[in-house]
Amino acid sequence: MRRPVQLALLVLAAVVAYCATATAASPSLGGIQPRGGTRGATDVVLTFSGARLGDAQDVLAYYPGVTVKKLEVVNDSTLKVTVDIAADARLGDHAFRVRTATGVSDLRTFWVGALPVVAEVEPNTEFDKAQPIPLNVTVTGVVQTEDVDYFAVDCKKGQRLSVEVEGMRLGTTFFDPYVAILDSKRFELAFGDDSPVTRQDGGCSVVIPADGKYIVQIRESAFGGNGACQYRLHVGTFPRPTGVVPAGGKPGEEVELTFLGDPSGPIKQKVKLPAVADPNFRVHAQTPEGVHPSGLGFRLVDLPGVTESGANNTPTAATPGTAPGAFHGVVAKAGEVDFFKFPAKKGQVFDVRVFARQLGSPLDPVVNVGVVGGPNLAGNDDSGGPDSYIRVTAPDDKELAVWVNDHLQKGGPDYFYRIEVTPVQPSVATLIPRVDGNNPANQDRQTISVPKGNRYAALLQANRADLGGPLNVGLGQLPPGVTAAAEPMDAGLGLVPVVFEAKADAPVGGFLTPITATHTDPKVTFPAKTTFDAVFSVGQNNTPYQRHYFDRTAVAVTEAAPFKIDVIEPKVPVVQNGSYALKVKVTRAEGFKGAITVFPLFTPPGMGIQGSATIPAEATEAILAVNSAPNAGARKWKTAVTAVSDAGKGPVWTSSQLFTLEVAPPPVTLTAERPAVEQGANTQLFCKVAVAAPFEGKAKVKVLGLPAKVTTADLELTKDTKELAFPIAADKTSPAGKHGGVFCQVVLEQNGDTITLATGGTELRIDVPIAPKTAAAPPTPMAQPMPMPMGQPMRRLTRLEQLRQEQEAREKAGQPASPPPAPPPPAKKP
């Protein structure tokens with residue numbers, strides 16, 4: 001009685017184990033609703049929507065300030081997440097991922113503001129029926145097709161009224177909002193469409209001219225819209241500057257800033273800068289009336305800085321500074337040029353970068369560097385965008401001048417800038433590249449999920465600047481029970497394949513971590529930073545309109561996958577101009593029969609690998625065709641194969657081990673002559689054999705690429721073979737003309753594996769037989785030479801003998817001989 005019970009329990013355990021793996025899938029996070037919340041709010045319930053979220057275990061947050069208190073799975077596509085928002089949480093977008101038992105989701109954002117939230121209430125699409133709202137609130141709403149939403153606020157004379165919207169930046173859809181402030185007579189006091197500060201999102205501010213009711217309007221800029229065009233409209237008395245000086249400072253220091261462009265005038269404010277540089281850091285003007293929702297871009301760099309004197313508009317009045325150092329100012333009026341100067345030593349090399357449009361300034365900078373009182377050394381307008389960059393070398397121990405102006409000679413009170421002058425320093429930026437280069441919004445496989453007892457492979461990218469040599473690239477931290485296998489990144493490449501492997505008992509879990517890069521020479525040091533961008537709003541021609549930059553990827557151990565793949569390690573090299581059949585084998589979990597698609601992770605330079613192959617349902621292997629170019633460098637490369645299958649609820653990714661592909665010179669080459677044959681006749685293709693590396697046994701050789709109805713026979717060669725002769729037989733209907741693309745394929749068995757190479761490229765000429773004379777009796781056909789034994793070459797005729805033979809054939813056929821060339825005309829007398 002015990003044995004059937006034990007058997008039943010074993011079957012039940014196997015079914016349970018398979019069911020656990022069958023749910024393994026990559027989770028997808030489509031969005032977070034509501035799109036934002038308020039500083040200091042507690043027990044805020046957010047809805048995370050997507051797919052394959054049923055086994056969610058954690059929410060990974062990129063920034064402090066929003067704390068997850070509770071995670072509730074509603075169903076496979078919906079989570080309820082309860083959060084607290086700290087009173088000092090950073091304003092703007094916060095980034096999150098969902099970690100499930102079987103993967104890590106894409107990144108999505110949630111916005112934090114300083115104002116309480118009220119909801120739009122329809123109908124509010126007519127000016128006279130504007131929705132009344134108090135000042136200093138954030139309105140959440142939707143712009144439907146041709147929709148215009150109106151809101152009414154009561155204001156006092158002299159009060160500042162500011163409006164700013166988050167629409168495109170919410171990343172829900174392509175939504176280009178327009179906002180305006182109108183008085184009770186519909187006169188437009190201010191409007192905002194696009195802005196260097198908020199990009200496609202608009203904003204505007206006015207000082208109220210009289211007590212009364214004022215109307216705030218929001219719509220899509222072209223009167224479009226749809227149910228996905230959500231907005232967060234900030235309406236209040238908060239400051240809304242459009243510039244700041246200085247536009248950067250040292251991490252950890254306290255700086256006094258002057259905010260520019262607010263309708264009430266400049267605003268001075270002391271700000272304590274964060275101790276750690278943050279690429280997304282922004283400074284927010286704050287007064288008793290409120291805080292600027294969007295803030296302004298601000299550089300956190302350890303450089304001494306100076307601000308222009310205001311009278312530095314000529315070379316002789318240049319504001320002095322030091323290099324390395326930063327220079328700040330404003331091109332305050334049209335046609336203005338700002339000058340700075342700093343001492344330099346002969347031979348010093350400096351990178352000069354202008355930050356303006358990147359920080360939210362309307363300035364389109366043009367920068368020049370020259371010797372004070374001497375020649376101009378270099379200049380630049382745009383460099384990878386509207387901002388400018390140049391590299392200069394000091395010619396003497398003299399002061400250098402740097403000056404900046406607007407490309408269109410414009411200017412204004414908020415045309416601010418920051419110039420950084422630094423010595424040339426090596427650096428590296430790391431990331432995981434997009435797998436779909438045609439879709440910038442695709443975030444697939446930019447995180448690392450390693451199934452227990454299995455492997456996951458990723459390409460890590462390191463973009464060097466002013467640096468050479470091989471790099472060690474990896475993750476800043478690995479989960480317990482996970483190891484990483486990788487070769488150093490080649491000095492000439494920016495990518496390296498890395499295979500992560502988890503032990504069968506590794507605990508499920510994960511976290512955020514940077515991608516690290518160090519030089520293989522410990523004496524060479526440089527800063528390395530991880531830089532990703534998640535694109536949310538995409539316009540025409542796949543142009544990104546809204547993206548979020550972040551500095552870490554996610555790595556996790558997940559539940560076991562229902563299959564595991566291994567590559568049969570090649571025992572022979574892939575020779576130059578050769579090919580190889582790479583075998584991929586799968587081990588399936590009990591009960592899993594699905595088809596599996598395999599892909600090469602990394603294709604070494606000079607090689608080609610088949611883009612994908614499918615292991616059919618219930619099958620155990622597939623072949624990936626590999627080839628090597630004739631000029632591929634002879635060396636060994638490490639790579640891996642990735643695999644994906646739908647395990648019942650979405651894609652599950654695994655990988656093979658890291659294996660070696662070796663490129664080597666061919667052991668044997670053939671040099672083929674160019675044969676010619678008439679339709680219906682026979683000839684031979686002669687090939688000289690050169691053995692570069694002696695081998696045992698015989699290699700099989702066949703001729704490929706012959707035209708239609710031309711046949712030959714396969715031959716063999718050994719290490720001692722010097723020449724081959726392939727019998728060529730042309731049918732009477734074989735196409736006449738020159739036929740290129742004819743070559744020999746050599747197949748050699750070695751070490752229990754197969755070397756395949758192409759060599760001996762040539763062309764075959766097929767001629768039409770000479771027509772017999774119509775009036776004369778048919779000529780006696782020429783005796784055909786006896787066919788020679790296969791592989792034994794006949795005596796070859798010289799070109800002169802061939803021409804004589806052709807002439808004799810013409811004479812017998814009654815055709816005239818080719819006339820001699822005409823004599824040259826007599827020379828003219830002078």
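Residues numbered from 1 in each chain as written. Predicted model: local features only at pLDDT ≥ 70, side-chain atom pairs only at ≥ 80, totals over all residues. Heavy atoms only, no water.

Digging into the overall build of the protein
And step 1. Scanning the protein for helices and strands turns up two helices and 70 strands.
And step 2. In summary, the protein has a C-alpha radius of gyration of 37 Å against a globular reference of 28 Å for 830 residues, an excess of more than 25%.
And step 3. Overall, the C-alpha framework of the protein stretches about 120 × 120 × 60 Å when taken along its three principal axes.
And step 4. Taking all 830 residues of the protein together, the buried fraction comes to 47%. (Helix = DSSP H or I, 4+ residues; strand = E, 2+ residues; numbered from the N terminus. Rg over C-alpha atoms; globule rule 2.2 N^0.38 Å. Buried < 20%, exposed > 50% of the residue type's maximum accessible area, 1.4 Å probe, protein only.)

Details of the sheet that holds strand S32 (residues 338–343)
And step 1. Strand order in the open sheet formed by five strands is S30-S32-S37-S34-S35, with mixed pairing between adjacent strands. Each of the sheet's edge strands pairs with one partner strand only, and the pair in question is strand S30 (319–320) and strand S35 (376–380).
And step 2. Taken together, the six bridges between S32 and strand S37 (residues 399–406) define a ladder with antiparallel strand orientation. Across the sheet, residue Lys341 finds its bridge partner in S37, namely Ala401. (Pairing = 2+ DSSP bridges.)

Describing the pairing of strand S65 (residues 699–704)
And step 1. Only one face of S65 is buried: it carries Ala699, Val701 and Val703, and the other face, with Lys700, Lys702 and Leu704, is open.
And step 2. Pairing analysis gives five bridges linking S65 to strand S69 (residues 737–750), with the strands arranged antiparallel. The residue bridging Leu704 from the neighbouring strand is Phe743, located in S69.

Considerations on the packing of aromatic side chains
And step 1. For the coordinates displayed, the defined rule picks out 14 aromatic pairs.
And step 2. Ring centres of Phe602 and Trp637 lie 6.3 Å apart, and the angle between their planes is 55 degrees; on these two criteria the pair is classed as tilted. Residue Phe602 is located in the loop between strand S54 (596–600) and strand S55 (607–609), and its partner Trp637 is located in strand S58 (residues 635–639); the two are separated by 35 residues in the primary sequence. The same class applies to Phe602 and to Trp637, which are both buried.
And step 3. One aromatic cluster in this structure is built from Phe327, Phe340, Phe342, Phe350 and Tyr417.
And step 4. Above the ring of Tyr178, the side-chain terminus of Arg219 is found at 4.1 Å from the ring centroid.
And step 5. Directly above the ring of Trp637 sits Arg635, whose terminal nitrogen or CZ lies 3.5 Å from the centroid. (Phe/Tyr/Trp six-rings, centres within 6.5 Å; stacked < 30°, edge-to-face > 60°. Lys NZ or Arg CZ within 6 Å of the ring centre and 35° of its normal.)

Quick word on the side chain of Glu308
And step 1. Structurally, the position occupied by Glu308 is in the loop between strand S29 (305–307) and S30.
And step 2. Of the side chains with opposite charge, Lys333 comes closest to the buried, unpaired Glu308, at an N-O distance of 11 Å.
And step 3. Within the structure, Glu308 has its side chain in polar contact with the backbone nitrogen of Val330 (distance 2.6 Å).
And step 4. The contact partners of Glu308, leaving out residues within four places of it in the chain, are Thr319, His328, Gly329, Val330, Asp338, Phe340 and Tyr417. (Lys, Arg positive; Asp, Glu negative; His and termini not counted. Salt bridge = Lys/Arg side-chain N within 4 Å of Asp/Glu carboxyl O. Polar contact = N/O pair within 3.5 Å; in protein donor to acceptor, adjacent residues only side chain to side chain. Contact = heavy atoms within 4.5 Å.)

Concerning the pairing of strand S38 (residues 416–423)
And step 1. Counting buried positions over the eight residues of S38 gives seven, a clear majority of the element.
And step 2. Sheet topology note: the strand S33 (residues 349–355)/S38 ladder contains six bridges and is antiparallel. Pairing of Phe355 across the sheet is with Arg418, part of S38.

Describing the confidence of the model for the protein
And step 1. The pLDDT averaged across the protein works out to 92; a share of 92% of its residues lies at or above 70.
And step 2. Counting contacts from residues 1–24, a segment whose pLDDT is below 50, to residues more than four positions away or on other chains yields 17 contacts. (pLDDT = per-residue confidence, 0-100.)

Section: the sheet that holds strand S23 (residues 267–272)
And step 1. Taking strand neighbours across the sheet as the criterion, the three strands line up as S20-S22-S23 in an open arrangement whose pairing is antiparallel. Every interior strand has two partners, whereas the edge strands, strand S20 (243–245) and S23, have only one. Direction aside, the axes of adjacent strands within the sheet are offset by 35 degrees on average.
And step 2. When strand S22 (residues 254–260) meets S23, the two strands line up antiparallel, connected through six bridges. Bridge pairing in S23 links Glu256 to Lys270. (Axes fitted to C-alpha atoms, helices over the stretch in contact; angles between N-to-C directions.)

Some thoughts on the pattern of salt bridges
And step 1. The final tally for this structure, using the stated rule, is 24 salt bridges.
And step 2. Between Arg160 and Asp262 there is a salt bridge; the shortest N-O distance is 3.0 Å. Placement of the pair is Arg160 in strand S14 (residues 160–166) and Asp262 in the loop between S22 and S23, with a sequence separation of 102 residues.
And step 3. Residue Asp262 is classed as buried on the basis of its relative accessible area of 6%.
And step 4. Sharing partners across several salt bridges, the network here consists of Asp351, Arg353, Arg391 and Asp466.

Overview of empty space enclosed by the protein
And step 1. Counted by the stated rule, this structure contains one cavity of 30 Å³ or more.
And step 2. Contributing to the lining of the largest cavity are Leu91, Gly92, Trp111, Val112, Gly113, Ala114, Leu115, Glu166, His234, Phe238, Val291 and Pro293.
And step 3. Counting residues per element, the lining of the largest cavity draws most heavily on strand S9 (residues 108–113), at three residues.
And step 4. Split into classes, the residues belonging to the lining of the largest cavity amount to eight nonpolar, three polar and one charged. (1 Å grid on protein atoms, 1.4 Å probe; cavity = no way out; pocket = protein on both sides within 12 Å on 5 of 7 lines; lining within 4 Å. Points joined across faces, edges and corners; volume = space filled by probe spheres on them. Nonpolar A, V, L, I, M, F, W, Y, C, P; charged D, E, K, R; others polar.)

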